[in-house]
Amino acid sequence: MEIGSFTFLSPEDFFYNNNGSNFSWFQDMENGFNGNSKKRSRKDTEESLINEELKKSGVDILSSILFLDEEAKQEQLQWVTDSDQERAFFEANYNEKVQEMNGFFDQLQNHSSEMDELDDSRNKRVRKSSSAVAAADEAVVSAGNSDNVGPSQSGSGSGQQRRLWVKDRSKDWWDKCNHPDFPDEEFKRAFRMSKATFDMVCEELEPVVMKKNTMLRDAIPVRQRVAVCIWRLATGEPLRMVSKRFGLGISTCHKLVLEVCSAIKTVMMPKFVQWPDENKMKRIKEEFESTTGIPNVGGSMYTTHLPIIAPKISVAAYFNKKLTERNQKTSYSITLQGVVDQKGVFTDVCIGWPGSMSDDQVLEKSAIYQRATRGLLNDVWIVGGKGYRLMDWVLVPYTHQNMTWAQHEFNEKIGEIEKVSKEAFARLKGRWSCLQKRTEVKLQDLPVVLGACCVLHNICEIRNEEMDPELQFELFDDVVIPENYLRSRTSEQARDHIAHNLLHHGLGTW
């Protein structure tokens, strides 16, 4: 297939071939292109307007941000300025206070120095006056005697100096009581014991209680030391009254009471409060059996309560509910458990357990309970009241209702034995009145004081010291019956056997 030739026209030819008209193809194209450019120019104008508006709004936002930033900087600068001013004010005030305090301390130091100088000058004057008094005394002594001054007279010179250390108090009452011609009845009324018993106590305590004289003062004699303690225990008077009676300071009297009580408990308790040996136990059993018909009774047991001031610790443990109900005021106490023989002499004591504990609980804490647990109380009955449980070695009365004649008879005999210990405790509290009311002695020191009272009670009982009827004291101890009253079937059978023998074998009152 062949392709023929084709002649292309030039623009000029094309232009002229159209009869010389003003329209040409290129002009139309240019006109068309020009129309599109007008449309594009309108769009560009709109876009430029929008861009200008955006630029204006951006400028406004940026200016606002710059303005806020400038305000924040100004506020921070103002805060720093104010802080600097406050810091400068506080520093100035602090410096002013420091200067004032330094001035005050300087004045105080100057005043202290002046006082020290004044004290030194005063002491010098006192020493000079003392030397002058001693020289005058020596001159008087040398003028009265042709011999030289001996050591005893030199000591009298030191006696003049002791007036600076010892306050002069009246000892007339004690000097009168200590005089050999003082009536024994009045002495016994004051100290609850005769002169002979008092002398025996002083002899026992002298190695422990005696003090040596010093260069400043003479030691308090042993008899006066013991008398201070015994009179305080016997009367229960406050230390202020003890101080007036014996011409001693209150603190000295308090110290003497504790020292002598401790010596009594340490030295005399092992000798006068001890568990009976085999021979003595045999005599005790015979005495109780001869009076009641109950065999193998080795002692009568009782527990009493002693009022105390509310302790600072463990208050609930020492709170006594029964005593509070009876006295209509909150009361606290400690316990004193004791076993006595047929004469009312203590053979065992347990001191100081809190008053909230029952009699049976106190017994379980005592040394006699431990002795029984080790099997050292075989064939021995310790008779107690209703507050104790029936055990293999503790014999107590029947507590149930509708008892038989034998049980009634048994309770009467048990009551007689229990009465021995109760009367012994009544004499203990009656003779030593400090046990009847709350004392000034601290709780930790009370066991020592109570132990001393028990020892002195035994001494008076052993030496047959009769107690003044006016000193009789009635006990008020509330008994709480334990819940588990029976501990042993064997002990129950033994008690029933004793009750049967009392009624049917003529051992009782029937």
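All values reported here derive from a predicted model rather than from experimental measurement.

Asks: Could you clarify how one ought to interpret the overall build of the protein chain in this entry?
Replies: Broken down by element type, the protein chain carries 17 helices and five strands. Counting all 510 residues of the protein chain, 35% fall into the buried class. Within the protein chain, counting contacts between residues at least 6 apart in sequence, those at least 24 apart form 70% of the total. Only carbon and sulfur atoms are counted for the fraction: they give 52% of the accessible area of the protein chain, which is about 32,600 Å².

Asks: It is not clear to me how the environment of glycine 298 should be interpreted in this structure. Could you clarify?
Replies: Mapping glycine 298 onto the fold places it in strand E1 (residues 297–308). Separated by 85 residues in sequence, glycine 298 and valine 383 place their C-alpha atoms 8.1 Å apart. Setting aside residues no more than four positions away along its own chain, glycine 298 makes contact with Met281, Ile284, Val380, Trp381 and Ile382.

Asks: What should I look at first to understand the nonpolar core in this one?
Replies: Soluble globular proteins: nonpolar side chains tend toward being buried together. Counting 102 residues, the largest nonpolar core has Phe191, Phe246, Trp393 and Trp432 as its most contacted members. Excluding its chain neighbours within four sequence positions, the residues that come into contact with phenylalanine 191 are Trp173, Trp174, Cys177, Ala227, Ile230, Trp231, Phe246 and Trp432.

Asks: It is not clear to me how the sheet that holds strand E4 (residues 381–383) should be interpreted in this structure. Could you clarify?
Replies: Backbone-to-backbone hydrogen bonds join strands into a sheet, with any given pair of strands oriented parallel or antiparallel. In spatial order, the strands read E3-E2-E1-E4-E5; together these five strands make up an open sheet with mixed pairing. Each edge of the open sheet is held by one strand with a lone partner, namely strand E3 (346–354) and strand E5 (394–395). The sheet contacts of helix H16 (residues 446–462) involve E1, strand E2 (332–340) and E3, and relative to E3 the element is tilted by about 160 degrees.

Asks: I'm lost on the state of the cysteines in this one. Help?
Replies: Covalent bonding between the sulfur atoms of two cysteines is what defines a disulfide. Considering all chains together, one arrives at zero disulfides under this definition. Not engaged in a disulfide, the cysteine cysteine 261 finds its nearest cysteine sulfur in cysteine 229; these two sulfurs lie 3.5 Å apart. Taking the relative accessible area as the measure of exposure, cysteine 261 reaches 0% and is therefore buried.

Asks: Help me out: how do you make sense of helix H7 (residues 222–235) in this one?
Replies: One turn of an α-helix holds 3.6 residues; hence residues three or four places apart share an orientation. Over its 14 residues, H7 extends 20 Å from the first C-alpha to the last, a length consistent with the 20 Å expected when each residue adds 1.5 Å. With 13 of 14 residues buried, H7 is to be regarded as a mostly interior element.

Asks: Is there a simple way to think about helix H10 (residues 278–292) in this case?
Replies: Between its terminal C-alpha atoms H10 stretches 21 Å, which fits the 21 Å expected from 15 residues at 1.5 Å a residue. Restricting attention to buried positions, one finds in H10 the residues Met281, Ile284, Lys285, Phe288 and Thr292. Projected onto a plane normal to the axis of H10, the buried residues spread over an arc of 100 degrees and lie on a single side. Summarising the geometry of H10, the exposed residues directed more than 90 degrees from the buried face are Asn279, Lys282 and Ser290. Summarising the contacts, the buried residues of H10 are in contact with E1, helix H15 (405–431) and helix H17 (489–504). Glycine 293, located one to two residues past H10, shows a positive phi value of around 85 degrees.

Asks: Explanation requested: the environment of glycine 451 in the structure shown.
Replies: By the secondary structure assignment, glycine 451 is in helix H16. With a relative accessible area of 0%, glycine 451 lands in the buried category.

Asks: In this structure, what is going on with unusual backbone geometry? I would like to understand it.
Replies: With glycine set apart, most residues show a phi of negative sign, and most peptide bonds adopt trans. Positive phi values are uncommon outside glycine, yet asparagine 296 reaches one of about 60 degrees. Not every positive phi belongs to a glycine, and serine 314 is a case in point at roughly 50 degrees. Considering the arrangement of structural elements, one finds serine 314 in the loop between E1 and helix H11 (315–318). The class for serine 314 is partly exposed, based on a relative accessible area of 48%.

Asks: Which parts of the structure should I look at to understand the confidence of the model for the protein chain?
Replies: Per-residue confidence for the protein chain averages 81 on the pLDDT scale, and 78% of its residues sit at or above 70. Long-range and interchain partners of residues 1–31, a stretch whose pLDDT sits below 50, account for eight contacts in this model, where long-range means more than four residues apart. Confidence drops under a pLDDT of 50 for residues 139–164, and excluding neighbours within four residues, the segment shows 11 contacts in the predicted structure.

Asks: Sorry, what's going on with the side chain of asparagine 458 here?
Replies: With respect to the helices, strands and loops of the structure, asparagine 458 is situated in helix H16. Residue asparagine 458 is classed as buried on the basis of its relative accessible area, which comes to 0%. Side-chain polar atoms of asparagine 458 contact the backbone oxygen of phenylalanine 272, separated by 2.8 Å. Apart from residues lying up to four places away in sequence, asparagine 458 is in contact with Phe272, Val273, Val345 and Phe346.

Asks: When you look at the pattern of salt bridges in this model, what are you seeing that I'm missing?
Replies: In a structure, side chains of opposite charge can pair up when their charged atoms sit close to one another. As enumerated under the stated definition, the model contains 11 salt bridges in all. Between lysine 419 and glutamate 423 there is a salt bridge whose closest N-O contact spans 3.8 Å. Here the residue lysine 419 and the residue glutamate 423 both occupy positions in helix H15, the gap between them amounting to four residues, near one helical turn. By relative accessible area, lysine 419 is classed as partly exposed at 47%.

Asks: Teacher, can you tell me more about the packing of aromatic side chains here?
Replies: Each aromatic ring pair is summarised here by two numbers: the centre-to-centre distance and the angle between the ring planes. Inspection of the entire model under this criterion finds 14 aromatic pairs. Seen in terms of ring centroids, tryptophan 173 and phenylalanine 246 are 5.5 Å apart; in terms of plane orientation they differ by 80 degrees. Their pairing is edge-to-face. One end of the pair, tryptophan 173, is in helix H4 (residues 172–177); the other, phenylalanine 246, is in helix H8 (residues 239–246), and 73 residues separate them in sequence. On the basis of relative accessible area, tryptophan 173 is assigned to the buried category, the value being 19%.

Asks: What should I look at first to understand the pairing of E2 in this one?
Replies: Consecutive residues of a regular strand have side chains that alternate between opposite faces of the sheet. Among the nine residues of E2, nine are classified as buried, and the element is accordingly described as predominantly covered. Relative to E2, E1 runs antiparallel, the two being bridged by nine bridges. Residue pairing across strands places leucine 306 opposite isoleucine 334, the latter belonging to E2. Judged from the six bridges that link them, E2 and E3 form a sheet pairing that is antiparallel. In the sheet register, valine 339 faces E3, and the bridge partner there is aspartate 348. Counted along the chain from E2 to the antiparallel partner E3, the turn is five residues long, and its residue glycine 344 has a positive phi close to 85 degrees.

Asks: What's the story with a negative patch on the surface in this structure? I'm lost.
Replies: On the surface, Asp69, Glu70, Glu71 and Glu75 cluster together into a patch of negative charge. Overall, glutamate 71 belongs to the partly exposed group, its relative accessible area being 31%.

Calculation notes
- Residues numbered from 1 in each chain as written.
- Predicted model: local features only at pLDDT ≥ 70, side-chain atom pairs only at ≥ 80, totals over all residues.
- Heavy atoms only, no water.
- Helix = DSSP H or I, 4+ residues; strand = E, 2+ residues; numbered from the N terminus.
- Buried < 20%, exposed > 50% of the residue type's maximum accessible area, 1.4 Å probe, protein only.
- Contact = heavy atoms within 4.5 Å.
- Areas by Shrake-Rupley, 256 points an atom, 1.4 Å probe, with all protein chains shown as cover.
- Core = buried A, V, L, I, M, F, W, Y, C linked by side-chain atoms within 4.5 Å.
- Pairing = 2+ DSSP bridges.
- Axes fitted to C-alpha atoms, helices over the stretch in contact; angles between N-to-C directions.
- Disulfide = S-S within 2.5 Å.
- Expected span 1.5 Å × (residues − 1).
- Arc of directions from axis to C-beta.
- pLDDT = per-residue confidence, 0-100.
- Polar contact = N/O pair within 3.5 Å; in protein donor to acceptor, adjacent residues only side chain to side chain.
- Salt bridge = Lys/Arg side-chain N within 4 Å of Asp/Glu carboxyl O.
- Phe/Tyr/Trp six-rings, centres within 6.5 Å; stacked < 30°, edge-to-face > 60°.
- Patch = residues over 30% accessible without salt bridge, like charges linked within 9 Å, V, L, I, M, F, W, Y side chains within 5 Å.
- Lys, Arg positive; Asp, Glu negative; His and termini not counted.
- Charge placed at Lys NZ, Arg CZ, Asp CG, Glu CD.

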